[in-house]
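Geometric and topological summary
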Amino acid sequence: MTQALIVEKLLKTYAPDRPPAVDGLDFTLARGATMGLLGGNGAGKTTTIAMLLGLLVPTSGRIIALGHDMATDRFAALARMNFSSPYIALPHRISVRENLTVYGHLYNVPGLKRRIAQLAEELQLTDFIDRPAGELSAGQKTRVALAKALINTPELLLLDEPTASLDPDTGDWVRSSIERYRAATGCAILLASHNMAEVERLCGHVLMLKQGRVVDEGAPADLVARYGREDLEQVFLDIARGTRVDDDTRGTRDGDAA
Ligand SMILES: Nc1ncnc2c1ncn2[C@@H]1O[C@H](COP(=O)(O)OP(=O)(O)OP(=O)(O)O)[C@@H](O)[C@H]1O
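A quick note: this is a predicted structure, and the numbers were derived from the prediction, not measured.

Quick look at the site of the ligand now. Surrounding the ligand, one finds Y14, A21, G39, N41, G42, A43, G44, K45, T46 and T47. With three residues, the single largest contributor to the shell around the ligand is helix α1 (residues 45–52). When its residues are assigned to classes, the shell around the ligand shows three nonpolar, six polar and one charged.

Structural data, given as structure tokens:
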């Protein structure tokens, strides 16, 4: 089993009179690989992640996570997965350590005290680990959210905007922590982000979503070359605005042999 995630014909319709939020998504994510899920507001990223986590039931289609069918065997998969999302706040009256302890118990983490100490060290939580989670700055909360996401040493990690609202330095620090974790464990990562530089740095492959469908995909450098652009942000804008210069025109413009 080399695939961490297999998604087949995934479809989600919230209301019969509205177009599907996710419209026939097909992709695989290999173990140890990192994939970016890109798309403008409302493209279907959060809906996709919610279905991958078993929080939303797909209208149709199939999800196999770490070899387990999410429709019939989701708890076996969820025990070996984790996620981070800015939309989910940690209980704010209890301390960071208590928060991590609660989540650690939910995942039945063996040697939990040791695991929390290790994460506190790696993610620099020690200065505020006994303070209530609600009193922390946004950057500190993000580090705690990442510690929560790594508490069970997941083999599949779903990250929804992991560096949203962070200053560039803290964002860079979080990205490095994610890279270190992946290198150390071979974890597969699916990352939804609006930060194109982050996606270029972390992801080997990206899916470009529009209205719930994949409209293009590839390695960031290949997409940039294919669109004749300088970076992924420009590719994103071409796709979002439908302003791509077609291949023939670009060939002529660049003086390439077609
Ligand atoms: N609970 C819901 N009920 C009805 N429609 C919803 C619900 N959640 C999302 N939608 C709709 O589904 C579509 C996809 O939304 P989704 O939140 O998945 O997009 P997204 O790519 O994550 O967007 P963003 O980048 O703004 O977070 C949108 O048209 C949205 O209005």
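Further remarks concern the sheet that holds strand β7 (residues 156–160). On the basis of which strands lie adjacent, the open sheet formed by six strands has the order β6-β7-β8-β3-β9-β10 and mixed pairing. Each of the sheet's edge strands pairs with one partner strand only, and the pair in question is β6 (81–84) and β10 (213–218). Averaged over all adjacent pairs, the angle separating strand axes in this sheet is 20°, with direction ignored. Bridge analysis of β7 against strand β8 (residues 188–192) gives five bridges, and the strand direction is parallel. Bridging across to β8, L157 finds its partner in I189. Strand contacts of α1: β3 (34–39), β7, β8 and β9 (205–210), with the helix running at about 150° to β7, the strand carrying the most contacts.

Moving on: the sheet that holds strand β4 (residues 60–65). With antiparallel pairing, the four strands of this open sheet are ordered in space as β2-β1-β4-β5. Each of the sheet's edge strands pairs with one partner strand only, and the pair in question is β2 (22–30) and β5 (68–69). Across seven bridges, strand β1 (residues 3–12) lies against β2 in antiparallel orientation. Across the sheet, the residue bridging to L5 is L29, located in β2.

With that settled, consider the domain arrangement of the protein. How large an interface is tends to be reported as the accessible area lost when its parts come together. Entries for the protein in the domain assignment read domain 1 (3–80 + 154–254) and domain 2 (89–153). The C-alpha-based centres of domain 1 and domain 2 are spaced at 26 Å. Sorting elements by how many residues they give to the side of domain 1 that touches domain 2 places helix α6 (residues 168–185) first, with five residues.

Reading guide: rules and limits
Residues numbered from 1 in each chain as written. Predicted model: local features only at pLDDT ≥ 70, side-chain atom pairs only at ≥ 80, totals over all residues. Near = placed C-beta within 6 Å. Helix = DSSP H or I, 4+ residues; strand = E, 2+ residues; numbered from the N terminus. Nonpolar A, V, L, I, M, F, W, Y, C, P; charged D, E, K, R; others polar. Pairing = 2+ DSSP bridges. Axes fitted to C-alpha atoms, helices over the stretch in contact; angles between N-to-C directions. Contact = placed C-beta atoms within 7 Å. Domains from an automatic or database assignment.

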